[in-house]
Amino acid sequence: MPRGRYSLHDPHDHTPLAEEHFQCAPGPSGWRYVSQLIAPSGEHSGSVDLALDELGRPIRLELHAAGWRVRGAALDGVTWVRTDPAGVEATEGNVRAHAFTGTSPAFLIAISRLLRLTPSAAATRVRLVRFTDPVLAPRTLDQSWALVNSETHATDNGPLTVDEYQVTALDTGERHTVHIAGDVVLAAPGIELEDLASPPSVFD
């Protein structure tokens, strides 16, 4: 069960956003990721709980940030309920999308599990609902994902396969690279893996 710590920062000006203390593991029904977010001030700033089924679809998502809460799942596309800090109003949303995304590295793992790309495959288009910080406002976006390289490295814990993805925002054409090993993000814009207590899980 990998556990560790990511540092999150603004990918444009590198302003520190939070530290994300996480643990994750595959299970009989898929994969689960849970984390707590700590702001640069040292205060608790949110949490992530994401569970995928064996096909990589989000069967449960719960996000907390700045008093806001989102609960969602794959249902007629993706469906979610967003609750305000006072807990008075809840708004429901539904989009014909494939998955959720957001600041957490968990979403990059989830998308890679859903797409299951191979290095020889063409880029795949995916529609996502992104919950933006700090109020978890939903925004629908389209990305293109391609697995451009997959390399296996020898480590003290056995071979480790690192996948390199090229991700393109289809509204702006902006491209970036994501490196993933098993269920751990090694590097991505705005994300640095600072500590890892056990090796990444290997998916079948």
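Preceding this paragraph is the structure being described.
What you see is a predicted model; the values in this text were computed from it and never measured.

1. Regarding the layout of surface pockets
Move 1: What the largest pocket holds in volume is close to 820 Å³.
Move 2: Together, 31 residues line the largest pocket, and Pro11, His12, Arg130, His176 and Pro189 are the ones closest to its centre.
Move 3: Breaking the lining of the largest pocket down by element, the ones donating at least two residues are helix 1 (106-115), strand 10 (124-132), strand 11 (137-155), strand 12 (158-169) and strand 13 (175-181).
Move 4: Counting residues per element, the lining of the largest pocket draws most heavily on strand 11, which supplies five residues.
Move 5: A per-class count over the lining of the largest pocket returns twelve nonpolar, eleven polar and eight charged.
Move 6: Forming the walls of the second largest pocket are 24 residues, and the residues nearest its centre are Thr161, Ala181, Gly182, Ser201 and Phe203.
Move 7: Where the lining of the second largest pocket is concerned, the elements lending two or more residues are helix 1, strand 11, strand 12 and strand 13.

2. Observations concerning the side chain of Ser35
Move 1: On the secondary structure map, Ser35 appears in strand 3 (residues 30-38).
Move 2: Residue Ser35 is classed as buried on the basis of its relative accessible area of 3%.

3. What to know about the pairing of strand 8 (residues 90-95)
Look at any regular strand and the pattern is simple: side chains alternate between the two faces of the sheet.
Move 1: Here six bridges tie strand 7 (residues 78-83) to strand 8, and the two strands are oriented antiparallel to one another. Note that in strand 8 the partner of Val81 across the bridge is Glu92.
Move 2: Linkage of strand 7 to strand 8, two consecutive antiparallel strands, is achieved through a turn of six residues, within which Gly87 is found at a positive phi near 70°.

Criteria and thresholds
Residues numbered from 1 in each chain as written. Predicted model: local features only at pLDDT ≥ 70, side-chain atom pairs only at ≥ 80, totals over all residues. Heavy atoms only, no water. 1 Å grid on protein atoms, 1.4 Å probe; cavity = no way out; pocket = protein on both sides within 12 Å on 5 of 7 lines; lining within 4 Å. Points joined across faces, edges and corners; volume = space filled by probe spheres on them. Helix = DSSP H or I, 4+ residues; strand = E, 2+ residues; numbered from the N terminus. Nonpolar A, V, L, I, M, F, W, Y, C, P; charged D, E, K, R; others polar. Buried < 20%, exposed > 50% of the residue type's maximum accessible area, 1.4 Å probe, protein only. Pairing = 2+ DSSP bridges.

By themselves, these observations are geometric and do not establish any function.
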